[in-house]
Amino acid sequence: MLLRMICVFLILVSSFAFSKPLKIEIVSDYNPSFGQSPGDLATQLLLIIARSLKDEMAIEFVPASREREWRELGHHDNICLYNKVKTPEREAMAIFVSLPLMAFPSNRLILRNKKFVSIEVTLEKALSLGLRIGVTKGRSYGIEIDDFIKANSERLFVSEGNDSAFRLRKMLVQGRLDGMIEYSSVFVNDYPSEQILKDISFHAIGDTDATIFGYIACSDSKKGRKAVDLFERALQKPLIQEQVINAHANLFLPQEEIFISNSLKNAYGIKK
């Protein structure tokens, strides 16, 4: 009896020791066959995580357009995508890792010469201060902001036309508007001058998410769920979380960094 138990134990240990890593295809526009290191942070972070799972998972990049990524995921059982925003439609066709890989600033309320306004403010509060805020007609700013604009359009400056967003940015710089809703990076790309930016402040809009997260998503299959479990376990490691947070430093505007860092820490359950 003892001999039989020893044999069973050795078989189990042997099978575990020689079990093959889970093979996962990462569909992406990154092509490692070119021999170049990935330039985008999301791919760099994914490779860090993959290296931490090298004994349990083997990944292979499959070059494809962004339009094709989701089709491939739906047709195969071993596909994973990364840096993907969660939507109800996507969650219906894929399994998402619950912890984020990337974080991005969402739309901000951009104000000129209004440094007294809190770093996070609701649109209702901004309008109650008598501020003239510009928005672009027909543009989607996200469900919460869109609903507010629809209910308060008469209290906002609504710009129309193909170049309306550009005109709003110009009006803000000229002092013809107090503020506008826009991505901070878009504004800074148009007006990188320190002379202009010294009068500009970027504010998180209350009642909306201050940060947008990018996640890893895998096929809704046995292999896909196993891959999600492995990615989840890796992202739970304090060292990996620290690397992700530190990698986002200096990636965005100084005004944005506090939102990004705090949002990632909150997502990871790290006490600030």
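Everything numeric in this text was worked out from a predicted model, so none of it was measured. (Residues numbered from 1 in each chain as written. Predicted model: local features only at pLDDT ≥ 70, side-chain atom pairs only at ≥ 80, totals over all residues. Heavy atoms only, no water.)

Draft legend 1. Expanded view of the packing of helix α2 (residues 41-52) against helix α11 (residues 238-247). Taken N-terminus to C-terminus, the directions of α2 and α11 make an angle of 165°; their axes are 11 Å apart at the nearest point. Viewed along their axes, α2 and α11 adopt a mutual orientation that is roughly antiparallel. Classified by chirality, the crossing of α11 by α2 is right-handed. Residues Leu41, Leu45, Ile48, Ile49 and Ser52 of α2 pack against Ile240, Gln243, Val244 and Ala247 of α11. A per-class count over the contact of α2 with α11 returns seven nonpolar, two polar and no charged. (Axes fitted to C-alpha atoms, helices over the stretch in contact; angles between N-to-C directions. Helix = DSSP H or I, 4+ residues; strand = E, 2+ residues; numbered from the N terminus. Parallel < 35°, antiparallel > 145°, perpendicular 65-115°, else oblique. Left-handed = near helix turned anticlockwise from the far one by under 90°. Contact = heavy atoms within 4.5 Å. Nonpolar A, V, L, I, M, F, W, Y, C, P; charged D, E, K, R; others polar.)

Draft legend 2. Fine view of helix α3 (residues 66-75). Within α3, burial applies to Glu69, Trp70, Glu72 and Leu73. For α3, the arc enclosing every buried residue in end-on projection is 160°, short of the 170-degree limit, so these residues lie on one face. Opposite the packed face of α3, turned more than 90 degrees from it, sit the exposed residues Glu67, Gly74 and His75. In this fold, the buried residues of α3 make contact with β1 (22-28), β3 (79-84), α4 (88-91), β4 (94-96) and β12 (211-219). (Buried < 20%, exposed > 50% of the residue type's maximum accessible area, 1.4 Å probe, protein only. Arc of directions from axis to C-beta.)

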